[in-house]
Amino acid sequence: MRLAIEIFDNDGLNFLARWAHVLAGIAWIGLLYYFNFVQVPAFAELDAGARNQAVDKLASRALWWFRWAALATFLFGIMLGFIPEVSGGKGMFVEENYFKSPQGVAIATGMLLGITMFLNVWGVIWRNQKVVIANARNVLAGGEADPNAAAAGRKALLASRQNTIFSFAMLFFMIGAAHFFTLGTFDTADNRAIYWAITGIIWLVLELSCLGVIGGTGQNITNWMYEDHKRAIGVGLVMVVVWYVVWELVF
Ligand code: HEM
């Protein structure tokens, strides 16, 4: 009897990276949805003392899994692009003209959104949540409340709601890369510059809004979509349709 451990061949390694990528991805995005759809509305109904306890014991733990799952998703995703799927072949990112193909343009769109979300996690959400957690712990220990904590919480909230908005289109393109856009009759040989110009503008406007560069961090017309999670879900789903229509029109 021969024990063939094919999981350590290139095909197997690509598959393992894919499995780990999706496993980490569901942990990350699952927690993102928990924060947005469950925790934020629930915390709003708690009094300050109970909220500080919950931030200290619950949110801090959820944020630990959240940010490390985001890093693992990102790293396994990049690995996936470089490990050949067929032994002896090339990793998809190093295949000639890959990023000009429908699959390449779709995965690049998914990655643009996924990497932006990853940077929002570490650069905005976690950076500001550290201030919120430190404040909660300090107050619980009898210290003075930090006057900057509320503003920090607001910045984290905007980025978190924007990540919810991005998440739907991100997954649409990420899964569609291998399972939809390659199968259709899309022709990405020309017009990619137009596609990337439109995609770039949509992406930039949304990201600059959540960073407060457009419209500040207060409640105003540009931040309308961030004011509750149902709006963020609605805008996220509309963005999938918008992006898909742009794709169809251009390609
Ligand atoms: C953070 C940045 C990310 C990068 C750089 C990245 C990269 C990739 C790459 C290169 C692929 C392979 C595409 C193909 O085979 O055509 C892929 C597939 C996939 N990714 Fe991501 N990804 C990221 C985020 C995410 C997130 C947050 C999720 C959420 C669950 C996710 C879920 C998936 C799924 C489900 C697939 C398809 C697997 C398959 O159909 O075989 N990715 N990703």
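Described below are features of the structure shown in this document. Nothing here was measured: the structure is a model prediction, and the numbers come from that model.

With that out of the way, let us pick up the overall build of the protein. A count of helical and extended segments in the protein gives six helices and zero strands. Along the protein, helices and strands appear, N-terminal first, in the series α-α-α-α-α-α. Referenced to the eigenvectors of the C-alpha coordinate spread, the extents of the protein come out at roughly 65 × 55 × 25 Å. A buried classification covers 43% of the 251 residues belonging to the protein. Sequence-distant contacts, at least 24 apart, represent 76% of the contacts inside the protein between residues at least 6 apart. Summed over its atoms, the accessible surface of the protein is roughly 13,200 Å², and 68% of this surface lies on carbon and sulfur atoms. Side chains of the protein carry 17 positive and 17 negative charges; the gap between the two charge centres is 8 Å.

Neighbouring the ligand are 26 residues; R18, H21, Q103, M174 and H179 lie closest to it. Here a nitrogen atom of the ligand and a side-chain polar atom of H21 are 2.7 Å apart. At 2.7 Å from an oxygen atom of the ligand is found a side-chain nitrogen or oxygen belonging to Q103. For the shell around the ligand, the secondary structure elements donating two or more residues are α1 (10-44), α2 (48-82), α3 (102-140) and α4 (149-179).

For α1, built from 35 residues, the straight-helix expectation of 51 Å at 1.5 Å per residue is met to within 8% by its first-to-last C-alpha distance of 49 Å. Of all bends in α1, the biggest is about 40°, found at F35.

Now for the coordination of the iron atom of the ligand. Distances from the iron atom of the ligand to its protein donors, H21 (NE2) and M174 (SD), fall within 1.9 to 2.0 Å. What the six donor atoms of the iron atom of the ligand show is an angle range of 82 to 178° at the metal, which sorts the shape as octahedral. Of this pair, H21 sits in helix α1 while M174 sits in helix α4; the two residues are 153 residues apart in sequence, bridging distant segments of the chain. The class of M174 is partly exposed, set by a relative accessible area of 22%.

For the rest of this paragraph, the subject is the environment of L140. With respect to the helices, strands and loops of the structure, L140 is situated in helix α3. For L140, a relative accessible area of 37% gives the class partly exposed. Leave out the neighbours within four places in its chain, and L140 touches G49, N52, Q53 and D56.

Another aspect to go through is helix α5 (residues 192-210). Taking 1.5 Å per residue, 19 residues should reach 27 Å; α5 reaches 27 Å between its end C-alpha atoms and fits that length. Those residues of α5 that sit buried are R192, Y195, T199, I202, L206, E207, S209 and C210. Take α5 and look down its axis: the buried residues cluster within an arc of 165°, on one side only. Set apart from the buried face of α5 by more than 90 degrees, the exposed residues are A193 and I201. Taken together, the buried residues of α5 touch α3, α4 and α6 (229-250). G212 occupies a position one or two residues after α5 and carries a positive phi of about 85°.

Attention shifts here to the nonpolar core. Core analysis: the largest hydrophobic core is formed by 61 residues, its most contacted members being W28, F66, Y195, W243 and W247. Every element with two or more residues in this core is listed here: α1, α2, α3, α4, α5 and α6. Per element, the largest residue contribution to this core is 14 residues, and it comes from α3. Residues contacting F66, with those up to four places away along its chain left out, are W28, L31, L32, F35, V121 and I125.

Moving on, we get to the side chain of T73. Among the secondary structure elements, T73 is positioned in helix α2. For T73, a relative accessible area of 9% gives the class buried. Excluding anything up to four places from it in sequence, T73 contacts H21, A24, G25 and W28.

Turning to the side chain of T164, a few remarks are in order. The residue T164 is located in helix α4 in this model. For T164, a relative accessible area of 1% puts it in the buried group. With residues near it in sequence (within four places) discarded, T164 still touches L32, Y33, N36 and F37.

Quick notes on the rules
- Residues numbered from 1 in each chain as written.
- Predicted model: local features only at pLDDT ≥ 70, side-chain atom pairs only at ≥ 80, totals over all residues.
- Heavy atoms only, no water.
- Helix = DSSP H or I, 4+ residues; strand = E, 2+ residues; numbered from the N terminus.
- Buried < 20%, exposed > 50% of the residue type's maximum accessible area, 1.4 Å probe, protein only.
- Contact = heavy atoms within 4.5 Å.
- Areas by Shrake-Rupley, 256 points an atom, 1.4 Å probe, with all protein chains shown as cover.
- Lys, Arg positive; Asp, Glu negative; His and termini not counted.
- Charge placed at Lys NZ, Arg CZ, Asp CG, Glu CD.
- Near = heavy atom within 4 Å.
- Polar contact = N/O pair within 3.5 Å; in protein donor to acceptor, adjacent residues only side chain to side chain.
- Expected span 1.5 Å × (residues − 1).
- Bend = angle between axes of the 7 residues up to and from the residue.
- Donors = N, O, S within 2.8 Å, 3.2 Å for Na, K, Ca; no water.
- Tetrahedral: all angles 85-135°; square planar, octahedral: opposite > 155°, others 65-115°.
- Arc of directions from axis to C-beta.
- Core = buried A, V, L, I, M, F, W, Y, C linked by side-chain atoms within 4.5 Å.

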